[in-house]
Amino acid sequence: MIQFLIGTVWLVPCYALIGGLLAIPWSPGVIKKTGSRPAGYVNLFMTFLSLLHSVLAFIFIWNQPPQEIFIPWLSTAGLNLTIALEISAVSVGAMVVITGLNLLAQIFAVGYMEMDWGWGRFYSLLGLFEAGLSALTLCNDLFFSYVILEILTLGTYLLVGLWFSQPLVVTGARDAFLTKRVGDLFLLMGVLGLWTLSGTWDYTELAAWASNAEVNPTVITLVGLALVVGPMGKCAQFPLHLWLDEAMEGPVPSTILRNSVVVASGAWVLIKLQPVLTLSPVVSSFIIGVGVITSVGASLIAIAQVDIKRCLSYSVSAYMGLVFIAVGTQQDETALLLVLAHALASALLVMSTGGIIWNSITQDITQLGGLWKRRPISGLAFIVGILELIAFPPLGSFWALVKLADGIWKTYPPLVGIILVVNTLTAISLTREFCLIFGGKAKPMSERSPEVHWPMIMPMMILFGVVLHLPLVLQSLSLLPSWATLNKDLALLLMWSSIFGCSISAVIYLGNIPKPIRLPWQPLQDLLAYDFYTPKIYRMTIIFSVDQLSKFADMIDRFIVDGLVNFVGLFSLLGGEGLKYSTTGQTQFYNFTVLLGVSILCAWITWPFWKVQFLSLMF
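Predicted model only: the values in this text are computed from it and were never measured.

Novice: Explain the nonpolar core to me, and be specific about the residues and the numbers.
Specialist: Leu142, Leu194, Leu227, Leu273 and Leu463 are the most contacted members of the largest nonpolar core, which totals 154 residues. There are two domains that each give this core at least three residues, and those are domain 1 (1–140) and domain 2 (332–517). Once residues within four sequence positions are removed from consideration, Leu194 is found in contact with Leu142, Gly199, Leu206, Trp209, Val223, Leu227, Leu273 and Val276.

Novice: Lay out helix α19 (residues 413–438) in plain terms, naming residues and giving numbers.
Specialist: Look at α19: 38 Å from first C-alpha to last across 26 residues, which is about the 38 Å you get at 1.5 Å a residue. Burial analysis of α19 places 20 of its 26 residues in the buried class, which makes it a mostly covered element. One or two residues past the end of α19 sits Gly440, with phi positive at roughly 70°.

Novice: A description of the environment of Thr366 should follow, citing residues and the corresponding values.
Specialist: Relative to the helices and strands, Thr366 resides in the loop between α16 (332–358) and α17 (376–389). Since its relative accessible area comes to 32%, Thr366 is described here as partly exposed.

Novice: Which residues make up the pattern of salt bridges, and what values do they have?
Specialist: Taken as a whole, this structure holds 3 salt bridges when the rule is applied. A salt bridge links Lys403 to Glu333, with the nearest nitrogen and oxygen atoms 3.5 Å apart. Of this pair, Lys403 sits in helix α18 (residues 396–408) while Glu333 sits in helix α16, placing them 70 residues apart in sequence.

Novice: Help me get a handle on the packing of aromatic side chains, residues and values and all.
Specialist: Scanning all chains against the criterion turns up 12 aromatic pairs. Judged by centre distance (5.6 Å) and plane angle (85°), the rings of Phe122 and Tyr123 are edge-to-face. Where Phe143 meets Phe144, the ring centres are 5.4 Å apart and the plane angle is 80°; that geometry is what we call edge-to-face. In terms of burial, Phe143 and Phe144 fall into one category: buried. Following the ring pairs from residue to residue traces out a cluster consisting of Phe143, Phe144, Trp195 and Trp201.

Novice: I'd love a proper account of α18, names of residues and values included.
Specialist: Residues spaced three or four apart along an α-helix face the same direction, because each turn holds 3.6 residues. Taking 1.5 Å of rise per residue, 13 residues should cover 18 Å, and α18 covers 19 Å from first to last C-alpha, within 8% of that figure. Every buried residue of α18 is accounted for by Gly396, Ser397, Phe398, Trp399, Ala400, Leu401, Val402, Leu404, Ala405 and Ile408. Looking at the packing, one finds that the buried side of α18 touches α15 (308–328), α16, α17, α19, α20 (454–476) and α21 (488–510).

Rules behind the numbers
- Residues numbered from 1 in each chain as written.
- Predicted model: local features only at pLDDT ≥ 70, side-chain atom pairs only at ≥ 80, totals over all residues.
- Heavy atoms only, no water.
- Core = buried A, V, L, I, M, F, W, Y, C linked by side-chain atoms within 4.5 Å.
- Buried < 20%, exposed > 50% of the residue type's maximum accessible area, 1.4 Å probe, protein only.
- Domains from an automatic or database assignment.
- Contact = heavy atoms within 4.5 Å.
- Helix = DSSP H or I, 4+ residues; strand = E, 2+ residues; numbered from the N terminus.
- Expected span 1.5 Å × (residues − 1).
- Salt bridge = Lys/Arg side-chain N within 4 Å of Asp/Glu carboxyl O.
- Phe/Tyr/Trp six-rings, centres within 6.5 Å; stacked < 30°, edge-to-face > 60°.

Following this line, the structure appears as structure tokens:
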């Protein structure tokens with residue numbers, strides 16, 4: 001029985017896919033009599049089955065060696081494509097997190113979207129997401145990982161554009177899709193380039209090849225950079241970070257998955273490719289640089305935002321920047337711990353604010369306030385989400401951040417300062433959001449804002465308990481660093497940075513300081529509020545260049561290509577009309593024409609002879 005559960009764990013993505021397919025008939029209204037609710041219930045059952053299978057398999061496979069399964073897929077012209085699956089404690093544990101969060105998101109959606117007309121389509125797409133993410137964790141092949149990431153990109157476009165009758169939703173879905181496609185295109189270049197160097201896409205074989213590979217430094221640098229750009233797009237890293245903000249136009253239940261596990265899909269591939277990326281010091285430095293710029297920049301931007309979703313989306317980008325720093329400094333286990341802590345905390349924060357979005361008139365946090373008395377459960381969940389996302393002992397991120405800082409204390413000391421700054425800014429940003437939403441006195445927009453109903457409260461409280469008990473679970477699995485060997489100075493610094501950030505933000509936003517808060521230099525405040533003018537720079541450079549190139553191509557097509565074709569057609573038309581009016585039908589005219597043509601042909605053929613005779617007579 002144990003071996004059967006472990007050997008068939010590859011069926012977990014199939015459960016979710018079956019649930020998504022079974023929901024399709026309710027999406028276009030093929031089944032009308034029952035309404036669209038059965039589509040959600042079918043997916044809930046299949047997701048629960050996926051979670052149950054994953055949990056049982058994880059219990060039995062813990063401390064067991066990884067198992068590999070090979071599924072032949074295509075063999076032609078010397079190319080053999082085989083789907084390689086790795087069943088290990090890490091991959092199965094990742095599936096537990098994915099299926100668990102998806103189950104909670106689906107339960108949350110039962111309440112959030114109870115009257116929505118896109119119920120069937122929404123649950124079908126959630127099934128597709130769960131299947132893709134679960135398959136990605138099991139996949140041990142770079143090529144098929146790329147294929148899965150492409151499917152997830154399409155799923156993001158469809159899920160963000162669920163309410164396609166709204167112009168902002170259509171724009172957000174388009175921008176999110178195109179931005180991620182940029183990263184996918186570079187990733188495809190890297191995938192193909194890596195094949196020419198290593199001759200394999202299997203992650204295990206790639207790690208073995210990288211251990212003693214001798215390649216051209218320039219070539220491996222270019223290939224490595226291309227491989228990194230793909231995860232940059234998935235993890236919303238600068239300059240491909242704007243898609244996450246645009247994707248917030250989608251339903252909140254999908255945001256639960258997007259902010260927690262979907263953004264982690266790029267980090268997962270990056271961690272799997274880490275042995276290859278370390279072949280080039282330039283690539284490792286590039287990963288660290290992207291992580292530093294994004295984590296600091298996104299943390300600063302988050303402080304200046306007034307939309308609930310935008311505040312959280314930039315915090316996600318900042319935390320994923322810390323994951324990039326962990327990968328760039330060859331700390332894979334720390335990166336996985338960061339991803340786990342962030343996934344749970346981010347999902348809890350989105351659930352807490354999702355109820356506010358659901359029954360409030362506005363998403364502007366400056367127009368809310370005083371919700372602590374009206375929404376104590378949501379407020380308590382938001383507090384725990386904040387503490388889980390910053391270095392606050394004994395919750396998950398504290399151990400992950402201490403482990404990250406300890407790992408780079410001797411080799412990259414300046415990065416420790418970056419981690420402290422990011423942790424402080426994150427504490428300031430999230431505490432500011434909490435104070436503006438739940439603190440102070442109620443404002444007109446929040447006078448009538450009661451707690452949400454049980455389908456939205458229940459998954460939030462379940463995740464609330466999971467976050468609080470995560471350190472105990474990790475400790476039982478021996479996944480936390482030992483306190484005896486821990487760098488206590490770094491631990492204290494991180495703790496004090498969290499306390500300082502939360503305290504200064506609480507004093508500012510709960511005190512009598514005039515609001516809104518203004519920085520001494522207005523251009524700096526505008527710089528943060530408008531995302532370092534990144535959207536404007538995009539419009540002035542990339543979008544403008546593509547627009548002008550498109551206009552030039554259109555001009556070439558209309559005036560040269562079409563003009564040449566039109567000229568040939570017009571010449572043929574005029575020639576035909578001329579022949580029509582020059583034809584008399586008289587035999588002598590035809591004879592004269594033939595004689596004239598023969599005479600011209602003979603003159604042309606004999607012209608060299610007459611030319612020689614003429615020249616000889618002249619000279």
